[in-house]
Amino acid sequence: MSQITLTVNGVPHTRDVEDRTLLVQFLREHLGLTGTHVGCDTTQCGACTVILDGRAVKSCTILAAAADGGTVTTIEGLADGDRLHDVQIAFREHHGLQCGFCTPGMIMTAVDMIRRHDGELDEATVRHELEGNLCRCTGYHNIVKAVLAAAEKHRARRRAPSALPQG
Amino acid sequence: MYQTTYHRPKTIAEAVSLYSSLEEPAYLSGGHTLLPAMKGRLAAPANLIDLRASPELSGIEVRPDGVVIGAATPHAVVAASAEIKAAIPALAGLAGSIADVQVRHVGTIGGSVANNDPAADYPAAVLGLAGTVHTDRRSIPADEYFTDLYSTALEPGEIVVRIEFPVPESAGYAKFRNPASRYALAAAFVARHRDGSIRVAVTGAGSSGVFRWAEAESALQARFEPAAVEALLPDPGGLMSDMHASAEYRAHLVRAMTKRAVACMGGVDIS
Ligand SMILES: Cc1cc2nc3c(=O)[nH]c(=O)nc-3n(C[C@H](O)[C@H](O)[C@H](O)COP(=O)(O)OP(=O)(O)OC[C@H]3O[C@@H](n4cnc5c(N)ncnc54)[C@H](O)[C@@H]3O)c2cc1C
Ligand code: FES
Ligand code: FES
């Protein structure tokens, strides 16, 4: 057992966990944050993607003990109260989901992608960077549209931070 | 996954002493090979010794004649390094072609080189560039380091600390990926060294892991252009054959990737 502290969506949590606990189990089973999904458990599908210390990672393949002291953002941490995050809005507007199983991972990957590229994304880059996220429903077209729309909003916000209301 | 105990030593010395005193130990870097193996119960170390907190394993140093990369450096950091892109663009491009964004954020060069998966990318760069694997106890030239499938010259408990790559005249990397796993079905790293020598390292195809294709090296030495290897084929007897590709098909891919690598010197060609 190890005692670990992780700051998740801005709140520090200290728990005693078995050393074999995966980060995704810590989030789902110890903190009850079930928005992060487990699709494959083999590091392929990306449904478990969260942002750990500023980088999108597959939380099914990271030990919670190894993330001790770190900062995590999950899908639950994106919205500001009732106001959805730009990427969440874009997925809704562009119909970027059907069953929704892959969606939390897709959205966290998109948030990371837009930040790393500072919104400068084209379709080929988005498709390439979604390689680690599998969707069995949508055929990806609307997911790509949603990411591009959110990236465009990011660029607009960068140019005129006050002009666009959040959400 | 079976029970295990996690350790995070702060130095290499501490890691080595843990390794020698603990039952059934294993080193852990990104864990993107080891943890999937543990989940599948193909590996069950009782003690995991995380190397990432040891400062000796981090950092990138680029000199006019060489690039030195700390073993705990994630693939994404190598891919994004402006200095490595300028010194050996094919090396940065190769790192950026490994797996996907999330895996590149976590998987490390040291873990990849220690694991020596026959379809992994970095072994081709280490062998093609005539790199050196610096460990906690010695320096191992690439030609002596990769011994067989998932096997290396590392002794039990030996830690890969840094990998050093001489800066070549130019280098190119071409890979044909398995459409499902995205690992290389065959890939070739071709380097023209400053002493005039040519090295061709092939990954994904060899039944003993990464190998140098000597006939292609001589042919390219005589005439450095894609057509120089047109009449050559590696012996399928030494290549892997599985549900994804027969040895004969892999032999053709090895030739095609070698030609493409020669055609893309100074970069990568990933398909
Ligand atoms: C979905 C997926 C796709 C992938 N696709 C590719 C791909 O296309 N190409 C590719 O090359 N790789 C691919 N990989 C593998 C990935 O690059 C791994 O991260 C890498 O092979 C191992 O690095 P690691 O840091 O995760 O090592 P770990 O899993 O931590 O360790 C691997 C092995 O090396 C040992 N070890 C680790 N560090 C050291 C060290 N410093 N000294 C001595 N021993 C050490 C460990 O004990 C273990 O046996 C993929 C992985 C996944 C999950
Ligand atoms: S559940 Fe982690 S990648 Fe599929
Ligand atoms: S919406 Fe169903 S898996 Fe993507």
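Residues numbered from 1 in each chain as written. Chains lettered and ligands numbered in written order. Predicted model: local features only at pLDDT ≥ 70, side-chain atom pairs only at ≥ 80, totals over all residues. Heavy atoms only, no water.

Caption draft 1: Summary view of the sheet that holds strand 4 (residues 55–58) of chain A. Residues and elements named next belong to chain A. Strand order in this open sheet of 5 strands is 2-1-5-3-4, and the pairing throughout is mixed. The open sheet terminates on both sides in strands that have one partner only, identified here as strand 2 (11–17) and strand 4. For this sheet, the mean inter-axis angle between neighbouring strands, taken without regard to orientation, is 40 degrees. In this structure, strand 3 (residues 49–52) lies alongside strand 4, joined through 4 bridges in antiparallel fashion. In the strand pairing of strand 4, Val50 is matched with Val57. Across the sheet, helix 1 (residues 23–30) lies against strand 1 (2–8), strand 2, strand 3 and strand 5 (71–73), angled at about 105 degrees from strand 2, the strand it touches most. (Pairing = 2+ DSSP bridges. Helix = DSSP H or I, 4+ residues; strand = E, 2+ residues; numbered from the N terminus. Axes fitted to C-alpha atoms, helices over the stretch in contact; angles between N-to-C directions. Contact = heavy atoms within 4.5 Å.)

Caption draft 2: Molecular detail of the domain arrangement of chain A. Residues and elements named next belong to chain A. With domains assigned, chain A is organised as domain 1 (2–77) and domain 2 (86–158). For domain 1 versus domain 2, the separation of C-alpha centres amounts to 21 Å. Across the boundary between the two partners, domain 1 contributes 18 residues, which contact 14 residues of domain 2. Roughly 1200 Å² of surface becomes buried between domain 1 and domain 2 when both sides are summed, with 63% attributable to carbon and sulfur atoms. One can count 0 salt bridges joining domain 1 with domain 2. Inspection of the domain 1/domain 2 interface yields 7 residue pairs in polar contact (both at pLDDT 80 or more). Sorting the residues of the side of domain 1 that touches domain 2 by element identifies strand 3 and strand 4 as the ones contributing at least two each. (Domains from an automatic or database assignment. Buried area = accessible area lost by both parts, 1.4 Å probe. Salt bridge = Lys/Arg side-chain N within 4 Å of Asp/Glu carboxyl O. Polar contact = N/O pair within 3.5 Å; in protein donor to acceptor, adjacent residues only side chain to side chain.)

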